[in-house]
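In case you want the letters, here they are:
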Amino acid sequence: MDMDFVAENGLVLLGCGKMGSAMLQGWLAGGLPATSVWVVDPQPSDWVKDAGVHLNSTDLPEAPGIVLIAVKPQMMGVALPALEAMGNGTTLFISVAAGTTIAAFEAALGDKSPIIRAMPNTPAAIGKGITAIVGNAHADDAQMTLAEMLLRAIGQVVRLEGEDQMDAVTGLSGSGPGYVFHMIECMARAGEAEGLSPDLAMQLAKATVAGAGALAEASDETPGELRVNVTSPHGTTQAGLEILMDEDAGLPDLIRRTVGAAAARSRELRDG
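My aim in this report is to walk through the structure given alongside it, one point at a time. (Residues numbered from 1 in each chain as written. Predicted model: local features only at pLDDT ≥ 70, side-chain atom pairs only at ≥ 80, totals over all residues. Heavy atoms only, no water.)

What to know about unusual backbone geometry
Step number 1: Within the chain, Asn-56 stands out as a residue other than glycine whose phi angle is a positive 50°.
Step number 2: Residue classification places Asn-56 among the partly exposed residues on the basis of a relative accessible area of 37%.
Step number 3: Although it is not a glycine, Asn-88 adopts a positive phi angle of roughly 55°.
Step number 4: Among the secondary structure elements, Asn-88 is positioned in the loop between helix H4 (76–79) and strand E5 (92–95). (Buried < 20%, exposed > 50% of the residue type's maximum accessible area, 1.4 Å probe, protein only. Helix = DSSP H or I, 4+ residues; strand = E, 2+ residues; numbered from the N terminus.)

Now the structure itself:
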């Protein structure tokens, strides 16, 4: 299964906000013909209108190769009935909608439908996301590989051992950009407290976090090794890290509780 399969059998994209548009942009750039894509979205952007895809057509393919569900969770009840006729067949359903379980899709679409649930994060909007995927019993390896290939349009992809890991993924990478944005805010405020102008402090904080993240990804060394490398004995970084790495009042416990709270909330939302 590859892009030729998708091009021949068609892809239905249900919901085309920032995440859907980022994926669509990647697929079209990768050679998927716009005429093989059907987009269903009540408020399409001008970019989507000009992309050359079938937009809000009442004539969807009967058995498309892929249906990618990218609607907001609260829209799911309205969106799914339109897809029911495509269930229990050869169509592969991939969902990037947060919080909706595979069991819920099986109930709506038919329990013989191949379904893959994916959890991306917001840097996907610029192709820098990371997406975790897990499939049901009817999603075979070729379909998992196809989903991985499609989702690489928005960044890295990892496979989970089971859907029960999705709550931890939600707490770490799904919600994680929010934690990092707040860290940037806090670093900028601290720079202001030390005498920098707000604009300069924010520029320094953004570039530092972005640069350190890029270096951590590009380096063969672990983040721990990189940290040691930049920490001169009795120097400025060490002075700062002594506060940050404090086991009782520092970052280790704070981040553990932060990720834990988000994962716990994910479990609550899942279990209703």
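As for the pattern of salt bridges
Step number 1: As enumerated under the stated definition, the model contains 7 salt bridges in all.
Step number 2: For Lys-49, the salt bridge identified is with Asp-46, shortest N-O distance 3.8 Å. Here Asp-46 and Lys-49 lie together in helix H3 (residues 46–49), a separation of 3 residues that amounts to about one turn.
Step number 3: Residue classification places Asp-46 among the exposed residues on the basis of a relative accessible area of 57%. (Salt bridge = Lys/Arg side-chain N within 4 Å of Asp/Glu carboxyl O.)

Remarks on the packing of helix H7 (residues 166–174) against helix H8 (residues 176–193)
Step number 1: As a packed pair, H7 and H8 sit with axes 5 Å apart at the nearest point and diverge in direction by 30°. When the axis of H7 is compared with that of H8, the two are roughly parallel. Contacts between H7 and H8 involve Gly-171, Leu-172, Ser-173 and Gly-174 on the former and, on the latter, Gly-176, Pro-177 and Tyr-179.
Step number 2: Along the lines of polarity and charge, the residues of the contact of H7 with H8 split into 3 nonpolar, 4 polar and no charged. (Axes fitted to C-alpha atoms, helices over the stretch in contact; angles between N-to-C directions. Parallel < 35°, antiparallel > 145°, perpendicular 65-115°, else oblique. Contact = heavy atoms within 4.5 Å. Nonpolar A, V, L, I, M, F, W, Y, C, P; charged D, E, K, R; others polar.)

Regarding the sheet that holds strand E6 (residues 115–119)
For sheets, the rule is that strands pair by backbone hydrogen bonds, running either parallel or antiparallel.
Step number 1: Across the sheet, which stays open at both edges, the 8 strands sit in the order E3-E2-E1-E4-E5-E6-E7-E8 with mixed pairing between neighbours. Among the strands making up the open sheet, the edge pair consists of strand E3 (54–55) and strand E8 (155–159).
Step number 2: For strand E7 (residues 129–135) and E8, the ladder comprises 5 bridges, and the chain directions are parallel. Looking across to E8, one finds that Ile-130 is bridged to Gln-156.
Step number 3: Sheet contacts for helix H2 (residues 18–29): strand E1 (11–14), strand E2 (37–40) and strand E4 (66–69); angle to E1, the most-contacted strand, approximately 155°. (Pairing = 2+ DSSP bridges.)

Considerations on helix H9 (residues 198–218)
Step number 1: In a regular helix each residue adds 1.5 Å, so 21 residues correspond to 30 Å; H9 covers 30 Å between its end C-alpha atoms and thus fits that length.
Step number 2: The set of residues buried in H9 consists of Ala-201, Ala-205 and Val-209. Viewed end-on, H9 has its buried residues packed into an arc of 60°, placing them on one side of the element. Exposed residues on H9 whose side chains face more than 90 degrees from its buried face are Asp-199, Gln-203, Leu-215, Glu-217 and Ala-218. (Expected span 1.5 Å × (residues − 1). Arc of directions from axis to C-beta.)

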